[in-house]
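Working through the structure, step by step
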Amino acid sequence: VIPLFALVVYVYATEIERRNWNLIFAGLAYWGMDWFNEIWNAIFFHFTQYAPVWGAPGKTAYLLLIGLNIEICFMFAIAGVTFGKMLPPDKKMKILGIPNRWVIAVGGSIFCVFVEVLLNAVGALTWEYAWWSAGAPWLIFLFGYLPFFLVSFWAHDAATLKKKLAIVGTIFAVDIASILVFGVGLGWL
């Protein structure tokens, strides 16, 4: 865990040193969106008492929520920075006639779903429902990843630091409030 944490700190410190606020906020937005998904997944398990939509079984240094271990958490913390580095500087540039942000968001989401299918195949990620599985990947694509990319790129492209702060601040305010209400208050997480 310590080397993974050091990697996350290094990635953000490098972008802070470069004053690359676009990538910092893209990364934080992506990470915050993952926390949002992980929270609703844990709430889903609370109500079904059968299975979460996805689970993180097996050995981990620390299980944060039913579908989120510390290693996955650190990966999501830097994924938004990584994908943000792939964005062309020109927001209006098109790829095959499609706005580049959409192409990269769709391509990144497909890539992430592919990785999840592989993780599920080796038992590192569990799915118990037919509607959220390798046989029905569109929900994983639409709700599991596409919003991460779209919100991350929205934060990246926001015109001012104030707008970037508002986007990321709202995401984390919802996450923190949800953890306090559903986790600390109600004990559902």
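Below or above, wherever it landed, is the structure these notes cover. (Residues numbered from 1 in each chain as written. Predicted model: local features only at pLDDT ≥ 70, side-chain atom pairs only at ≥ 80, totals over all residues. Heavy atoms only, no water.)

Re the nonpolar core
The biggest cluster of nonpolar side chains holds 31 residues, and the ones touching the most others in it are Y30, F83, Y145, F149 and F153. Within the residue set of this core, elements represented by two or more residues are α2 (21–48), α3 (70–84), α4 (100–121), α5 (138–157) and α6 (161–185). Of the residues forming this core, the biggest block, nine residues, is contributed by α5. If you look at the next biggest cluster of nonpolar residues, it comprises 10 residues, including V11, Y12, I70 and A77. (Core = buried A, V, L, I, M, F, W, Y, C linked by side-chain atoms within 4.5 Å. Buried < 20%, exposed > 50% of the residue type's maximum accessible area, 1.4 Å probe, protein only. Helix = DSSP H or I, 4+ residues; strand = E, 2+ residues; numbered from the N terminus.)

Regarding unusual backbone geometry
For residues besides glycine, phi is generally negative; the peptide bonds are generally trans as well. One non-glycine residue, R19, lies in positive phi territory at about 55°. As for its position among the elements, R19 is in the loop between α1 (2–17) and α2. Overall, R19 belongs to the exposed group, its relative accessible area being 61%. Unlike most non-glycine residues, L96 shows phi in positive territory, near 55°. Mapped onto the elements, L96 comes out in the loop between β3 (94–95) and β4 (98–99).

Description of the pattern of salt bridges
This model, assessed by the stated rule, comprises three salt bridges. E15 is the salt-bridge partner of R18, the closest N and O atoms lying 3.6 Å from each other. Measuring nitrogen to oxygen at the nearest pair gives 2.9 Å for the salt bridge that ties E15 to K85. Of this pair, E15 sits in helix α1 while K85 sits in the loop between α3 and β3, placing them 70 residues apart in sequence. Residue class for E15 comes out buried when judged on its relative accessible area of 3%. (Salt bridge = Lys/Arg side-chain N within 4 Å of Asp/Glu carboxyl O.)

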